Amino acid sequence: MGQARPVGGSESGDPRVRTARITDLDALAGMWEELAKYHVEIGGPEYRLAPRWRGEWQRFTRKHIGRKDRLCLAAEIDGIAVGFLLAAILQRPKVFEHRRYGHIYDVFVEAGRRNRGAGQALVGAAMDWFRARGVDRVELYTHAMNAPGRRFWSKMGFETTVHIMDRRV
Ligand SMILES: CC(C)(COP(=O)(O)OP(=O)(O)OC[C@H]1O[C@@H](n2cnc3c(N)ncnc32)[C@H](O)[C@@H]1OP(=O)(O)O)[C@@H](O)C(=O)NCCC(=O)NCCS
């Protein structure tokens, strides 16, 4: 506050969103591990990662880089990746008239870099990407115990349409 901006540069500290690269995968896997740990805290042991999760996750995520119907975005602040979003265009079963829809798997911003607009910039860029491909509905799952996450999604314009229920057997 009150400090002069660097001459000729973009404003320091503003988030910038770009498509992820293969070289981002290690950093993104570290973020996804944080996301999984957070879900163990709020959702319980079913979110614990398997011993070989990193290879599996990277295999899945790299299929979202450079593909026309899948999306992996990275958010940078000051040139460093601090968040990511993973999404795809999916198809409902053939019995339905409207089949194509967008799905966001994950959005994550590192704890120390939150509330600076990176999450919103990632979701905004993903929505533009879906819109440009004629997708008119996007869905996602968020854990019922993730109150901050649910508040974020409602801020992004998402509403609850389905309750997924489970019980112990
Ligand atoms: C949810 C998350 C991605 C938000 O990222 P972020 O970079 O902090 O979000 P932004 O700074 O872009 O905030 C966007 C808007 O959402 C609001 N918002 C963000 N987090 C919020 C929260 N916990 N509660 C209420 N509003 C929130 C911001 O106030 C902002 O609104 P404004 O523009 O009116 O001020 C980040 O907190 C995160 O990674 N959380 C842990 C993982 C998670 O829960 N992911 C989503 C569910 S899978």
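Quick note: structure is the one above.
Okay, so let's go over this structure. (Residues numbered from 1 in each chain as written. Predicted model: local features only at pLDDT ≥ 70, side-chain atom pairs only at ≥ 80, totals over all residues.)

Let's talk about the site of the ligand
- Around the ligand, the structure places 20 residues, and the nearest of them are Arg-114, Gly-119, Gln-120, Pro-148 and Gly-149.
- Where the shell around the ligand is concerned, the elements lending two or more residues are helix 1 (25-43), strand 4 (100-109), helix 3 (118-132) and helix 4 (147-155).
- The dominant element in the shell around the ligand, judged by the number of residues it contributes, is helix 4, at five residues.
- Residues that form the shell around the ligand fall into these classes: eight nonpolar, seven polar and five charged. (Near = placed C-beta within 6 Å. Helix = DSSP H or I, 4+ residues; strand = E, 2+ residues; numbered from the N terminus. Nonpolar A, V, L, I, M, F, W, Y, C, P; charged D, E, K, R; others polar.)

Quick notes on the nonpolar core
- Core analysis: the biggest nonpolar cluster contains 27 residues, and Leu-73, Ala-75, Phe-84, Leu-85, Leu-122 and Ala-126 have the highest contact counts within it.
- When residues of this core are traced back to their parent elements, those giving at least two are helix 1, strand 2 (70-77), strand 3 (80-91), strand 4 and helix 3.
- Other than its neighbours up to four places away in sequence, Leu-122 contacts Val-17, Leu-73, Ala-75, Gly-83, Leu-85 and Val-107. (Core = buried A, V, L, I, M, F, W, Y, C linked by C-beta atoms within 7 Å. Buried ≥ 20, exposed ≤ 12 C-beta atoms within 10 Å, placed from the backbone. Contact = placed C-beta atoms within 7 Å.)

Examining the sheet that holds strand 5 (residues 138-140)
- Taken in spatial order, the five strands line up as 1-2-3-4-5 in an open sheet, and their pairing is mixed. Of all strands in the sheet, those bounded by a partner on one side alone are strand 1 (15-19) and strand 5. The average undirected angle you get between the axes of adjacent strands in this sheet is 30°. (Pairing = 2+ DSSP bridges. Axes fitted to C-alpha atoms, helices over the stretch in contact; angles between N-to-C directions.)

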